[in-house]
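Commentary on secondary and tertiary structure
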Amino acid sequence: MQLNAKETTITKSLLKIVKFVDGDGIILEDIVSKKEFEVRLYGIDAPEINYCNKIKKDEIELQVPAALLIKLGYLSFNFLKDQVNLGDVCTLVQEQNNLVDKYGRLLGYLILNDGRVLNEIMIKEGYAKPYNDVFCEMLPMYQEWNLQAKNSSKGLYSIVNKF
């Protein structure tokens, strides 16, 4: 991950993965304080896994049935779970100007113990798309990698051409 040096970032280390929420959300625990918190992976969006208002909105906007969107959501969720294990130690990097979303979840890039960035894996492999509603430093790269995944029919793009 190459964040622009001009951007102020906050790095939180010694975090442990304790629960998976969906294809773009995870619960982490601070190993020292034992405090748990939800993190939404910054700059990406995966389909929902439950019928909700966002599914209804996406169904209309994308002209894709809710049942298929939920199926895609589970494929994304399962792919995320294949990339990491519960108990894995990781690092969270946050951009100073966007620390939390409108639901109070922390926003961040999740750096795995092998140095890979979970957000990037999800985009490059076609299991999430760029989240354009909130700017992040990596958004232009995510858009480029998403287009490559789509053109290569990777991940969810092997089933649909939009999600």
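Each value, and the rule that gives it
Residues numbered from 1 in each chain as written. Predicted model: local features only at pLDDT ≥ 70, side-chain atom pairs only at ≥ 80, totals over all residues. Heavy atoms only, no water. Phe/Tyr/Trp six-rings, centres within 6.5 Å; stacked < 30°, edge-to-face > 60°. Helix = DSSP H or I, 4+ residues; strand = E, 2+ residues; numbered from the N terminus. Buried < 20%, exposed > 50% of the residue type's maximum accessible area, 1.4 Å probe, protein only. Core = buried A, V, L, I, M, F, W, Y, C linked by side-chain atoms within 4.5 Å. Contact = heavy atoms within 4.5 Å. Pairing = 2+ DSSP bridges. Expected span 1.5 Å × (residues − 1). Arc of directions from axis to C-beta. Polar contact = N/O pair within 3.5 Å; in protein donor to acceptor, adjacent residues only side chain to side chain. Axes fitted to C-alpha atoms, helices over the stretch in contact; angles between N-to-C directions.

Here we take up the packing of aromatic side chains. In this description, an aromatic ring pair is defined by two values, namely the gap between the centres and the angle between the planes. Scanning the entire structure with this criterion turns up five aromatic pairs. A centroid spacing of 6.3 Å and a plane angle of 70° characterise the contact between Y74 and F77, whose relative ring orientation is edge-to-face. With a gap of three residues between them, Y74 and F77 both fall in helix α2 (residues 66-83), about one helical turn apart. Overall, Y74 belongs to the partly exposed group, its relative accessible area being 35%.

Judged by nonpolar contacts, the single largest core of 48 residues is most densely connected at I17, I26, L28, Y109, L110, L118 and M122. The element contributing the most residues to this core is α2, with seven residues. With residues up to four places along the chain from it excluded, the contact list for L118 reads I26, L41, L80, Q83, L110 and L112.

Attention now moves to the pairing of strand β5 (residues 89-95). Taken across its seven residues, β5 has six buried, putting it largely inside the fold. Judged from the six bridges that link them, strand β1 (residues 9-22) and β5 form a sheet pairing that is antiparallel. Note that in β5 the partner of L15 across the bridge is C90. Sheet topology places β5 next to strand β6 (residues 106-112); four bridges connect them, and they run antiparallel. Paired with C90 across the strands is L112, a residue of β6.

Here the focus is helix α4 (residues 139-151). Taking 1.5 Å as the rise per residue, α4 with 13 residues should run 18 Å; its terminal C-alpha atoms sit 18 Å apart, in good agreement. All of the buried residues in α4 are L139, Y142, W145, N146 and A149. Down the axis, α4 shows its buried residues gathered within 120° of arc, on one side only. Check the buried side of α4 and you find it contacts β4 (44-45), β6, α3 (118-124) and β7 (129-130).

Within the element layout of this structure, Y103 appears in the loop between β5 and β6. For Y103, a relative accessible area of 60% corresponds to the exposed category. Distance from Y103 to R40, taken between C-alpha atoms, is 9.9 Å for residues 63 residues apart in sequence.

Next up on the list: the side chain of R105. Within the secondary structure, R105 is located in the loop between β5 and β6. Judged by relative accessible area, which is 18%, R105 ranks as buried. Side-chain polar atoms of R105 contact the side chain of D101, separated by 2.6 Å. In this view, R105 contacts E38, R40, L99 and V100; residues no more than four positions away in its chain are not counted.

Turning our eyes to something else, we now look at unusual backbone geometry. The backbone of Q63 sits at a positive phi, close to 60°, despite the residue not being glycine. Along the chain, Q63 turns up in the loop between α1 (53-62) and α2.

It is worth spelling out the sheet that holds β5 at this point. Read around the closed barrel, the five strands follow the order β1-β2-β3-β6-β5; overall the barrel is mixed. When strand polarity is set aside, the average angle formed by the axes of neighbouring strands in this sheet is 60°. Against the sheet, α2 contacts β1, β2 (25-30), β3 (36-41) and β6, and its axis sits at roughly 125° relative to β1.

Further remarks concern α1. An α-helical turn contains 3.6 residues, so any two residues separated by three or four positions project in the same direction. Listed in full, the buried residues belonging to α1 are I55, D58 and L62. Viewed along the axis of α1, the buried residues span an arc of 65°, placing them on a single side of the element. Counted as exposed and oriented over 90 degrees from the buried face of α1: N53, I60 and E61. On its buried face, α1 sits against α2. Of the residues trailing α1, Q63 is marked for its positive phi of about 60°.

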